[in-house]
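What follows is the residue order along each chain.
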Amino acid sequence: MYKVLNNIKLSQNFHIKEFVCKEGKGEVLIAEGLIEKLQALRNYLNRPIIITSGYRSPAYNKKIKGSPKSQHIHGRAVDIKVPGVAAEDVGRASIKLGFKGIGIYDTFTHLDIRENLVNKVGRNYDYWDMRTGK
Ligand SMILES: [Zn+2]
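Caption draft 1: Examining the overall build of the protein more closely. Scanning the protein from terminus to terminus reveals three helices and seven strands. Shown N-terminal to C-terminal, the secondary structure of the protein runs as helices and strands in the order β-β-α-β-α-β-α-β-β-β. Taking 2.2 N^0.38 as the reference for a compact globule, 134 residues should give roughly 14 Å; the C-alpha atoms of the protein span a radius of gyration of 14 Å, in line with that estimate. Each principal axis of the C-alpha atoms in the protein carries an extent, and together these give about 40 × 35 × 25 Å. Counting only residues that meet the buried cut, the protein has 26% of its 134 residues in that class.

Caption draft 2: Layout of helix α3 (residues 87-96). Three or more residues of α3 are buried, namely Val 90, Gly 91 and Ser 94. Taken end-on, α3 shows its buried residues confined to a sector of 100 degrees, consistent with a single buried face. Along α3, the residues that are exposed and aim more than 90 degrees away from the buried face are Glu 88 and Lys 96. Lining the buried residues of α3 we find α1 (34-45), β5 (101-104), β6 (109-112) and β7 (126-129). Once α3 ends, the next one or two residues include Gly 98, with phi positive near 100 degrees.

Caption draft 3: Quick look at the nonpolar core. The biggest cluster of nonpolar side chains holds 18 residues, and the ones touching the most others in it are Phe 19, Val 20, Leu 38, Tyr 55, Val 78 and Leu 111. Mapped by element, the contributors of at least two residues to this core are α1 and β4 (77-81). Val 78 has contacts with Leu 38, Ile 51, Ser 53, Gly 54 and Leu 111, leaving out every residue within four places of it along the chain.

Caption draft 4: Region of interest: α1. Helix length check: α1 (twelve residues) gives 17 Å between terminal C-alpha atoms against 16 Å at 1.5 Å per residue, within 8%. The secondary structure elements touched by the buried residues of α1 are β4 and α3. One or two positions beyond α1, positive phi appears at Asn 46, with a value near 55 degrees.

Caption draft 5: Inspection of the sheet that holds β6 at higher detail. In spatial order, the strands read β3-β4-β6-β5-β7; together these five strands make up an open sheet with mixed pairing. In the strand order of this sheet, the two ends are held by β3 (50-53) and β7, each with one partner. On average, adjacent strands in this sheet sit at an angle of 25 degrees to one another, irrespective of strand direction. Along the sheet face, α3 touches β5, β6 and β7 and points at about 180 degrees away from the line of β5.

About the criteria used
- Along each chain, residue indices are assigned from 1 in the same order as the chain's sequence is written.
- Residue-level local features of this predicted model are given only where pLDDT is at least 70; pairs of side-chain atoms are given and counted only at 80 or more, and the full residue set underlies all totals for whole chains, interfaces and linings.
- Runs of E in the DSSP output that reach at least two residues are strands. Runs of H or I that reach at least four are helices, and both are numbered from the N terminus.
- Only C-alpha atoms enter the radius of gyration; for comparison, a globular chain is expected to reach 2.2 Å times N to the power 0.38, where N is the number of residues.
- Put simply, a residue is buried when 20 or more other C-beta atoms lie within 10 Å of its own C-beta and exposed when 12 or fewer do; between those, it is partly exposed, and each C-beta is set from the backbone.
- This arc is taken over the directions from the axis of the helix to the C-beta atoms.
- Contacts are defined on C-beta atoms placed from the backbone: any two residues whose C-beta positions lie within 7 Å are in contact.
- In this usage, the nonpolar core is the set of buried Ala, Val, Leu, Ile, Met, Phe, Trp, Tyr and Cys residues whose C-beta atoms join them within 7 Å.
- An expected span of 1.5 Å times one less than the residue number is assigned to each helix.
- Whether two strands pair depends on DSSP finding at least two bridges between them.
- Axis definition: a line fit to C-alpha positions, over the contact stretch in the case of helices; interaxial angles, taken between N-to-C directions, run 0 to 180 degrees.

Here it is, written out as structure tokens:
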């Protein structure tokens, strides 16, 4: 666990404060490989990526009623918005670039680098679409 004091640049387009828990304690955890994949996605889409949720402390995750098994608790997940890119296209690109959990929601896309897949159909990634009416 680290407390963020300075907004260190982690890659060409991402800074550490974008991943800090929204609880307000400056806490962050970022799993190995997450930044590289996110930067690869940024390069592939060639569009700014807005991170709406990165690391979540267990307490904060509980407070916002996140899943107890949330990948955000382990610093392995981000929720993002990519203005101007359809959710399906963000999803497709994310699969191609090696993300392991891809969830499509009404207002954001969840991406993670989970270590254990939950799908039983032999896919090498988990994918779900939570949008209403789908
Ligand atoms: Zn998420």
